[in-house]
Amino acid sequence: MWEVSSTTNLKGQVAIITGAGRGIGAACAYALARQGANVVIVDILPADDILSKIKHDFPDVEAIAEQIDIRHRNEVKEAIDRTVNRWGRLDIVVNNAGTCSRLNLENMTEEDWERDMNTNLKATFLFTQLAVFPYMKNQKYGKIINISSISGMNGGAVSNIPGTDQGRSGPAYAASKGGIIALTKWVAKEVGKYGIYCNSIAPGVVQTELTKGMDYHVEQQPIARAGSPVDIAEAVVYFASPASNYVTGQILRVCGGSVMG
């Protein structure tokens, strides 16, 4: 009686995941490969560990690495072009790579500002634009998934380095993640006519290198723990799959209930 969108089967699809050498990005690459997708692991650092794990655990899928600087348009374009030349398609882009300066407004330099804005927001724009035009537009299908943050909603997650008054994610990080949220909604309105979906996941505190040594007071959350990269990866699988085929322009908070409404 009831039809479902689809099972979560991504066999034969091709996914690019940025910042996938470790942390949330690596978990996303692993989860998409588990569902049958061929994955391109994009990172400025080597990605040998996650590549080896995917190839060992999922021998039926292909996984390759692109070691590039995602802030540069020519490097992004060449990585996307190589992906499509290899497989003939590009179905999923997960814009995950990010940096986080914790300097306050008084002490932030232009270089600090530009690093977060270019890595977080500019790279999301570049990968989205160059994946959609022409590839996803021509194939009349695509899933863009942008990793934002609750910091883009609340002006920086409440946190500190124990024993100091420092630690809250800085203004460039909050601004760049807020920009990703706005960009997600703008793109969703533009590309839906091509059969392309664009959504964002806004993590709360997740145990990664970016949050190491920080106190986020997670005991005050409804789900009183820090998230894991896997928590974010499973949300990515939902947005990447046909199960979300009537969902676009949405921001999914995966944050233990720390931000509601």
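Since this is a predicted model, take the numbers as computed values, not measurements. (Residues numbered from 1 in each chain as written. Predicted model: local features only at pLDDT ≥ 70, side-chain atom pairs only at ≥ 80, totals over all residues. Heavy atoms only, no water.)

Enquirer: Which parts of the structure should I look at to understand the packing of aromatic side chains?
Expert: How two aromatic rings sit relative to each other is set out by the distance from centre to centre and by the angle between their planes. Counted by the stated rule, this structure contains 4 aromatic pairs. Judged by centre distance (5.2 Å) and plane angle (45°), the rings of Y238 and F239 are tilted. Here Y238 falls in the partly exposed class, since its relative accessible area comes to 34%. A relative accessible area of 3% places F239 in the buried class. Positioned above the aromatic ring of W87, the side-chain terminus of R86 is 5.0 Å from the ring centre. Sitting over the ring of Y197, K143 keeps its end group 4.1 Å from the ring centre. (Phe/Tyr/Trp six-rings, centres within 6.5 Å; stacked < 30°, edge-to-face > 60°. Buried < 20%, exposed > 50% of the residue type's maximum accessible area, 1.4 Å probe, protein only. Lys NZ or Arg CZ within 6 Å of the ring centre and 35° of its normal.)

Enquirer: How do you make sense of the pattern of salt bridges when you look at a structure like this?
Expert: Two side chains of opposite charge can pair, provided their charged atoms sit close to one another. Inspection of every chain in the model, using the stated rule, returns 9 salt bridges. The closest approach of N and O atoms between E66 and R82, which form a salt bridge, is 2.6 Å. Taken together, the positions of E66 in strand β3 (residues 63–67) and R82 in helix α3 (residues 73–87) put the pair 16 residues apart, joining distant regions of the chain. Residue D91 is joined to R89 by a salt bridge in which the shortest nitrogen-to-oxygen separation is 2.6 Å. Note on D91: relative accessible area 0%, which makes it buried. (Salt bridge = Lys/Arg side-chain N within 4 Å of Asp/Glu carboxyl O. Helix = DSSP H or I, 4+ residues; strand = E, 2+ residues; numbered from the N terminus.)

Enquirer: Would you mind going over helix α2 (residues 48–57) with me for this structure?
Expert: Note that an α-helix has 3.6 residues per turn; residues three or four places apart therefore point the same way. Residues of α2 that are buried include every one of I50, L51 and I54, and no others. The arc enclosing the buried residues of α2, seen along the axis, measures out at 105°, which places them on a common side. In α2, those exposed residues whose orientation departs by more than 90 degrees from the buried face are D48, D49 and H56. Looking at the buried residues of α2, the elements they touch are α1 (23–34), β2 (38–43) and β3. (Arc of directions from axis to C-beta. Contact = heavy atoms within 4.5 Å.)

Enquirer: Which parts of the structure should I look at to understand the nonpolar core?
Expert: Taken as a class, soluble globular proteins show a tendency for nonpolar side chains to be buried jointly. Formed by 36 residues in total, the largest nonpolar core has its most connected members in I17, L32 and I54. Those elements giving two or more residues to this core turn out to be β1 (14–18), α1, β2, α2, β4 (92–95), β5 (142–147) and α7 (229–240). The contacts of I17, once residues within four sequence positions are left out, are G25, C28, A29, L32, V39, V40, I41, V42 and V94. One finds V14, I16, L130 and C198 within the second-largest nonpolar core, a separate group that totals 29 residues. (Core = buried A, V, L, I, M, F, W, Y, C linked by side-chain atoms within 4.5 Å.)

Enquirer: I'm lost on α1 in this one. Help?
Expert: With 12 residues, α1 extends 17 Å from end C-alpha to end C-alpha; this agrees with the ideal 16 Å at 1.5 Å per step. Most of α1 sits inside the fold, with 9 of its 12 residues counted as buried. Considering only its buried residues, α1 is in contact with β1, β2, α2, β4 and α7. Of the residues trailing α1, G36 is marked for its positive phi of about 105°. (Expected span 1.5 Å × (residues − 1).)

Enquirer: How do you make sense of the sheet that holds β4 when you look at a structure like this?
Expert: Within a sheet, adjacent strands bond to each other through the backbone by hydrogen bonds, running parallel or antiparallel. Strand order in the open sheet formed by 7 strands is β3-β2-β1-β4-β5-β6-β7, with parallel pairing between adjacent strands. A single partner strand is all that each edge strand has here, and the edge strands are β3 and β7 (251–254). Along the sheet, successive strands turn relative to each other by an average axial angle of 20°, direction set aside. Two elements, strand β6 (residues 196–203) and β7, share 4 bridges in a ladder whose sense is parallel. (Pairing = 2+ DSSP bridges. Axes fitted to C-alpha atoms, helices over the stretch in contact; angles between N-to-C directions.)

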